[in-house]
Amino acid sequence: MASRIFHIAANTFREAVRDRVLYNLIAFALLLTGAAIFVGQISIEIERLVVINLGLTAVSLFGVVIAIFIGIGLVSKEIEKRTLYTVLSRPVARWEFIAGKFFGLSGTLVVNTLCMALGVFAALLYVSRNLNGADAWVLVAIYFIVLQFVIVTALALLFSSFSSPLLSAVFTFCLFVSGTFAEDLRGFAQLTHGFTRWLATGAIYAIPNFSALNVISQVAHGEPLSGQLIFWNSAYALVYSLAVLSLAILIFERRNLK
Amino acid sequence: MRRRRTTAFATLLFVVSAMGSGLLLHTVDRLRTRATLNQVLYISSPKLLKALSLGYHGLLADVYWTRVVQYYGEQRHTRSSDFSLLWPLLNLTTQLDPHLIPAYQFGGTFLASRPPYGAGLPQRAIELVESGIRNNPDDWHLYYNLGFIYYDLKDFRAAADAFDRGSRVPNAHPFLKIMAAQCAQHGGELRTAQMLWSAVYETTKDKYIRENAEGHLRALKADFEAQELEKIVAAFHQQTGRYPSSFAELARARILPGIPIDPLGNQFQLDREGHVFVGDPDNFPFIERALPSGYLPKPAPGSARPRG
Amino acid sequence: MRAIEIVGLEKVYQVGFWRKRPKRALNALHLAVEQGEIFGFLGPNGAGKTTTLKMLMGLVFPTGGSARILDMEMDDPRMKAQIGFLPEQPYFYDYLTARELLRYYGHLSGVEPKHLTARVDTVLNQVGLNDSRDVQLRKFSKGMLQRAGIAQAILHDPKVVFLDEPMSGLDPMGRREVRNLIEQLKHDGKTVFFSTHILSDAEALCDRVAILNQGTLRGVGAVEELTAGIRGQSEFVWSGTTISPGLTQLGADCHVAGDTVRAVVPSDRMDAALDVIKRERLRLISVTPVRTSLEDYFLAQLTPVPEEAKVAANGNGG
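Residues numbered from 1 in each chain as written. Chains lettered and ligands numbered in written order. Predicted model: local features only at pLDDT ≥ 70, side-chain atom pairs only at ≥ 80, totals over all residues.

### Some details on the overall build of chain B
When helices and strands are counted, chain B shows 13 helices and two strands. Evaluated residue by residue, chain B yields a buried proportion of 32% over its 308 residues. (Helix = DSSP H or I, 4+ residues; strand = E, 2+ residues; numbered from the N terminus. Buried ≥ 20, exposed ≤ 12 C-beta atoms within 10 Å, placed from the backbone.)

Structure below.
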């Protein structure tokens, strides 16, 4: 069982690596990080601030784009191209397939993020001449970004398991945007009453709370993050992804592959 | 059947993890410190923010406007006196959308108000409303707001001037002219204040501003009634050569119909020098005259004791 | 133990947006396939062949009935380890090479890692893709893809191999190669179940066939049984140009072709026909039984059938 999941994951990873789209996006992200250096030079004191803000935002946004681009094709493309049939006619359970795809794409994104993070640190080194203790928090911010990717991957996989690539991309993107503005949704909920309030509160718990995982500006100002926050955020991201994946498995398990 | 088993297991897993994620989110929220300056603003430079909004600055302004209201509401709810984010948020909002009138009005009112009802930064308030006027010279509401701020600062001449400017705007409300005149001649009088606050109460749609106006009107009523009561007490003093020991005495002597009650429902108090004040000054905002002698307002939690 | 046993398998789709109407893709199917035979599953496009295959593979869930392969349930992983499947017009991960593709499938099928490399090479040889084993599949021709497909179907040495339209889109050379491969599989003791609408291939390869039309089984049996003896006719050929009145009387059609005449006579009148020929002193050249081709049989089965007959036909199919 684990071996099959591993091989499906490895194959997914291989597919992503051989896909040229990936490289274009990474190159663009690195370019943006490099540009951050020049933007920062406009105002002397905030170089470091701009490099971290812009660099990490670039990593975050491009990673989400990659996650969506590849994620939506994970299942629907396989069905469209009928590569899925030869896999499922083997002793591979449908849930193993979903799990393998998930780990494959997550793994791709982790590797991807590490590459881009290196770029950010290189830019940081360039503008600050040396790294100090506060920069360690940047690693935590990157870790949180990876957690965001894990959630987006699970969502893209969920939508891919039952709808077309285009719709999957739209849904996933919408959830990403609303998840980023989750705090404002919470504010909105507090100002409403009755049924609307119930609906809004329900939505807050249903959509992924990306604003909780977004610590870019705090880290840019060198503020520390509590260990407890790191722990509970990780737990939230993982359990939420698990919920999304189990829903994906549920849907996929019952689907007729016409 | 394996399929049924997998389906059942997946359903169970989904339910458990969905509930789990809800609980975990709750935990995370409680851990996150109250929005720091950086978190809520995210990007503190208005120019940069405008550039990054890719043309959607109207939308972003609306988002920030909801944050203003939410922030203010939260600070009031937790009875905090810290409104340090109010000015930056309003600044961002109005820079993103210079025509968002409600933002100027809100800022004009609550930047100037003293804690715990506002930030206590009248100069910032003036700055904000003036920039609003620059961007929207034909909106009489903003002149009105400005006049108010000056009035509250007891700068009656500047207030009259603002009302006057406003009255010249086409379609201005007729009472602007009246208020200009009133401020110029009877600046310090209670009646002027009553007029001004009634006008606000009647014309505004914002819940907080209305509440604020209501509070002011109540205080004015209390001040006025206290003033009238002091006149009666003074008359008694003149007749008898001493001050009454309490309102009960005046009631027994049929000078007053009963013990006078203030607008909040507490009994008015009388001190030995014939000064009348409200029954519960700590919980009666905006009172100016009907306070006990030597009264120092209780410091709000977390802020320094104001100098008396 | 039968290789494949299908009992009452059916699939009904609900189509339509507001009011759902049932659409019967497959009516209750009863079919049995013995081990070691090559079984042809024939029918025009849309007959329900692919639907049946997909249900057997667990890709589509039946709305009724059941099936057992090698006496195991359809979702039993042990069963899946012993079958191979080639879907219609297959497409594979085109960023992989042939070898990488087979290794991937080998891992998924549970082929032991230490045997995998050798097995992959053997199978690539068997299907004739040895030279292209390190070429990315995006560069493969249609025939090569088909062969790669067969390779992945037999990689793990399954007992039963399912092929959906294995010859589609191939040129005659390609078709010949695939036919040889299928014969080879039978030689190796495997059961082959393949669907096609190319009748000549079925005629040449299959031990038994089943004919499906509009979701209903129209006939099952060995090829000879189906083609011979249906109309039971014999063709008489004699030299000359005269039409025989006697034979015409027996109900034969006489045709003059060059300097010979041919007449087709029903087999039960054969003796009477011979008497006529002797009587009319015709110079007989040959008497041959007329075998209908599978195509004729096939086309005959394609006439639409009334509802009651469908059920009866399926009952006799096993």
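Past the structure itself, the notes keep going.
### So, the overall build of chain A
A count of helices and strands for chain A gives eleven helices and zero strands. Element order for chain A, N to C, with α for helix and β for strand: α-α-α-α-α-α-α-α-α-α-α. Computed over the C-alpha atoms, the radius of gyration of chain A is 20 Å, within 12% of the 18 Å expected from 2.2 N^0.38 for a compact globule of 258 residues. Oriented by its inertia axes, the alpha-carbon framework of chain A measures out at about 60 × 50 × 30 Å. Split into buried and exposed, the 258 residues of chain A put 50% on the buried side. (Rg over C-alpha atoms; globule rule 2.2 N^0.38 Å.)

### So, helix 5 (residues 86-96) of chain B
Where burial is concerned, most of helix 5 of chain B is hidden: eight out of the eleven residues are buried. Turning to helix 5 of chain B, its buried residues number three or more, namely Leu86, Leu89, Leu90, Asn91, Leu92, Thr93, Thr94 and Leu96 of chain B.

### Focus on the sheet that holds strand 1 (residues 4-15) of chain C
Residues and elements named next belong to chain C. Taken in spatial order, the three strands of this open sheet run 2-1-4, and their pairing is antiparallel. In this open sheet, the two edge strands, each paired with only one partner strand, are strand 2 (21-33) and strand 4 (64-69). Ignoring strand direction, the axes of neighbouring strands in this sheet form an average angle of 25°. By the bridge criterion, five bridges tie strand 1 to strand 4 in an arrangement that is antiparallel. Paired with glutamate 10 across the bridge in strand 4 is glycine 64. (Pairing = 2+ DSSP bridges. Axes fitted to C-alpha atoms, helices over the stretch in contact; angles between N-to-C directions.)

### A few points about the interface of chain A and chain C
Each side of the interface is counted separately: chain A has 20 residues, and chain C has 22 residues. Broken down by class, the residue content of the side of chain A that touches chain C amounts to six nonpolar, seven polar and seven charged. (Contact = placed C-beta atoms within 7 Å. Nonpolar A, V, L, I, M, F, W, Y, C, P; charged D, E, K, R; others polar.)

### Digging into the sheet that holds strand 3 (residues 38-42) of chain C
All names here are of chain C. Strands sit in the order 5-6-7-3-8-9 across an open sheet of six strands; the sheet is mixed. With partners counted over all chains shown, the strands left at the sheet margins are strand 5 (83-86) and strand 9 (216-222), one partner each. In this sheet, adjacent strand axes meet at a mean angle of 15° when their direction is disregarded. Here strand 8 (residues 208-213) pairs with strand 9 via six bridges, running antiparallel. Residue alanine 210 lies in a different strand from strand 9, and its bridge partner there is valine 220. Contacting strand 3, strand 6 (160-164) and strand 7 (191-196), helix 6 (residues 172-187) runs over the sheet at an angle of about 150° to strand 7. Of the strands in this sheet, strand 3, strand 8 and strand 9 touch helix 11 (residues 294-301), which is tilted by about 30° from strand 8.

### Some details on unusual backbone geometry
Located in the positive-phi region is phenylalanine 286 of chain B, a residue other than glycine, with phi close to 70°. Checked against the element boundaries, phenylalanine 286 of chain B lands in the segment after strand 2 (276-277). Classification of phenylalanine 286 of chain B by C-beta neighbours within 10 Å gives partly exposed; the count is 18. Located in the positive-phi region is glutamine 214 of chain C, a residue other than glycine, with phi close to 50°. Along the polypeptide, glutamine 214 of chain C turns up in the loop between strand 8 and strand 9.

### Things to note about the domain arrangement of chain B
For interface size, the figure often reported is the accessible area lost on association. Annotation of chain B at the domain level lists domain 1 (35-136) and domain 2 (213-283). The distance between the C-alpha centroids of domain 1 of chain B and domain 2 of chain B comes to 41 Å. (Domains from an automatic or database assignment.)

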